[in-house]
Amino acid sequence: MKKIITVSILAFSLLFISGCSLGSTSTTKTTGSIWKSIDSGKTWIVKNKTVNKANAGIADAEILSIAINPYDSSNVLFGTKKNGIIKTNDGGETLDNTNFISEKVYGLVFNPADGRIIYASGVWQKRGKIFKSTDNGETWTEIFTIASDGPLVINLNIDKKNSDTIYASTSDNQVLKSTDAGISWKNIFQAPSPVLQTAIDSSNNNLVYFNVQGNGLYRSREGGMNAENITKEISKVSKNNNDFNFIETDPNNAGWIYVVGLAGILRSKDGGNSWEQIKPLDDPQTFPVKSVAIKQGNSNEIVYGAARAVYKSDNQGTNWMTFQLADSKSVKVLEYSSTDPQIIY
């Protein structure tokens with residue numbers, strides 16, 4: 001299956017910038033939270049029109065997550081900090097509100113086997129929860145709640161080889177796993193600090209990674225069980241290795257994983273046993289790398305975001321092209337579309 005790039009800014013070559021603003025259908029603004037590329041990251045266009053002026057308030061939405069329908073790249077959802085889920089059904093040409101119950105949306109994923117099924121995590125009545133939709137976001141059902149007020153479900157991930165398997169990570173240091181599409185859950189890992197993100201190897205779905213805030217990278221070879229800290233291996237090539245902004249597995253190569261942050265871009269080709277540095281164009285101490293994405297079908301093509309710019313390489317990071325975004329906000333997330341490899345959000 002082809003894959004579109006999304007910049008969190010997430011798939012179908014839409015690019016999201018943390019805190020960017022979205023406009024109305026009559027807007028002439030050249031800034032916004034959502035940007036899209038239709039030429040594999042060479043150029044970017046802001047997408048800030050709303051379906052009507054009544055919901056123009058979403059123009060100032062801060063984007064936290066992005067999900068692109070794996071069967072319809074024009075159907076993209078954006079999780080926000082205060083505006084619930086924003087949707088587009090026409091590839092970003094117009095944006096609209098949805099009826100999602102939570103104003104904060106952290107995790108947001110489509111089922112890779114069924115584009116009608118969506119999972120989202122948010123906050124309702126002060127508690128972190130997970131919701132599921134089976135009708136493309138028209139209605140939602142709560143499938144998980146944290147026991148007390150305060151903690152959040154901050155990340156969701158679905159196993160592409162078995163779409164009934166879902167990973168959820170929390171701000172109170174847990175990783176949860178469901179193997180029955182969210183009906184029941186099991187606590188599989190207790191971390192020393194919040195688990196910001198999970199990543200699953202593209203070939204071996206038992207090989208799972210956890211990005212643990214301030215404590216580096218953990219790896220499990222048993223589907224999330226018995227995770228071990230492998231940050232010491234990264235320290236052999238980089239000193240700034242305890243706090244990563246983003247982790248991403250290569251969609252084309254087994255055992256390949258990228259981690260990014262103050263250390264720049266680091267890559268392993270053997271499941272985290274050894275690491276190499278990919279030098280970004282600017283000093284990552286000054287401009288930390290916030291996100292990275294790898295093109296489906298072509299691992300030579302990499303895009304990353306730092307500050308207010310997007311960088312693209314066609315040769316695995318040896319050389320970079322740049323695109324400056326006309327906005328005061330920073331790039332937060334990048335995502336390729338799974339159905340059109342030229343599109344990135």
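Residues numbered from 1 in each chain as written. Predicted model: local features only at pLDDT ≥ 70, side-chain atom pairs only at ≥ 80, totals over all residues. Heavy atoms only, no water.

Let's talk about the nonpolar core
Point 1. By size, the foremost hydrophobic cluster in this structure holds 15 residues, and its most contacted members are Y258, V260, I265, V292, Y304, Y311 and W320.
Point 2. Not counting the four nearest positions on each side in its chain, Y258 is found in contact with F246, I247, E248, D250, I265, L266, R267, I278, V292, I294, S299 and I302.
Point 3. Counting 14 residues, the second-largest nonpolar core is a separate cluster that includes I117, I130, F144 and V153. (Core = buried A, V, L, I, M, F, W, Y, C linked by side-chain atoms within 4.5 Å. Buried < 20%, exposed > 50% of the residue type's maximum accessible area, 1.4 Å probe, protein only. Contact = heavy atoms within 4.5 Å.)

What to know about the confidence of the model for the protein
Point 1. Per-residue pLDDT for the protein has a mean of 89; in total, 91% of the residues score no lower than 70.
Point 2. This stretch, residues 1-28, has a pLDDT under 50; its non-local contacts, to residues over four places away or in other chains, come to 236 contacts. (pLDDT = per-residue confidence, 0-100.)

Points about the pairing of strand 6 (residues 76-80)
The two faces of the sheet receive side chains in turn, since in a regular strand these alternate between them.
Point 1. Most of strand 6 sits inside the fold, with 5 of its 5 residues counted as buried.
Point 2. Sheet topology places strand 5 (residues 63-68) next to strand 6; 5 bridges connect them, and they run antiparallel. When the sheet's bridge partners are listed, I63 is paired in strand 6 with T80.
Point 3. Direction of pairing for strand 6 relative to strand 7 (residues 85-88): antiparallel, over a ladder of 4 bridges. Looking across to strand 7, one finds that V76 is bridged to T88.
Point 4. Hairpin connection between strand 6 and strand 7: a loop of 4 residues separates the two successive antiparallel strands, and G84 in this loop has a positive phi of roughly 65°. (Helix = DSSP H or I, 4+ residues; strand = E, 2+ residues; numbered from the N terminus. Pairing = 2+ DSSP bridges.)

Quick look at the pairing of strand 19 (residues 216-220)
Point 1. Of all the 5 residues making up strand 19, 5 are buried; the element is thus mostly covered by neighbouring parts of the structure.
Point 2. Relative to strand 19, strand 18 (residues 208-212) runs antiparallel, the two sharing 5 bridges. Counterpart to V208 in the pairing with strand 19 is S220.
Point 3. The turn joining strand 18 and strand 19, which pair antiparallel and follow one another in sequence, is formed by 3 residues; a positive phi near 75° is taken by G214.
Point 4. Here strand 19 runs beside strand 20 (residues 228-229); their pairing, made up of 2 bridges, is antiparallel. Counterpart to Y218 in the pairing with strand 20 is N229.

A closer look at the packing of aromatic side chains
Point 1. In total, this model carries 8 aromatic pairs according to the counting rule given.
Point 2. The interplanar angle of 20° and the centroid separation of 5.2 Å between the aromatic rings of F189 and F210 together place this pair among those described as stacked. Taken together, the positions of F189 in strand 16 (residues 186-190) and F210 in strand 18 put the pair 21 residues apart, joining distant regions of the chain.
Point 3. Since its relative accessible area comes to 10%, F189 is described here as buried.
Point 4. We classify F210 as buried; its relative accessible area is 0%.
Point 5. Look at Y304 and W320: their rings are 4.7 Å apart centre to centre, the planes differ by 90°, and that puts the pair in the edge-to-face class. Separated by 16 residues along the polypeptide, Y304 in strand 26 (residues 298-306) and W320 in the loop between strand 27 (309-313) and strand 28 (321-324) bring together distant segments of the chain. (Phe/Tyr/Trp six-rings, centres within 6.5 Å; stacked < 30°, edge-to-face > 60°.)

A few points about the environment of V303
Point 1. Relative to the helices and strands, V303 resides in strand 26.
Point 2. The buried category is assigned to V303, whose relative accessible area is 0%.
Point 3. Taking the C-alpha atoms as reference, V303 lies 21 Å from G79; in sequence the two are 224 residues apart.

Description of the sheet that holds strand 25 (residues 289-295)
Point 1. Read from one edge of the open sheet, 4 strands run 25-26-27-28, paired in antiparallel fashion. The open sheet has two edge strands, strand 25 and strand 28, and neither has a second partner. Going from strand to strand, the sheet's axes swing by 20° on average, the running direction of each strand aside.
Point 2. Bridge analysis of strand 27 against strand 28 gives 4 bridges, and the strand direction is antiparallel. Its bridge partner lying in strand 28, Y311 is registered against T322. (Axes fitted to C-alpha atoms, helices over the stretch in contact; angles between N-to-C directions.)

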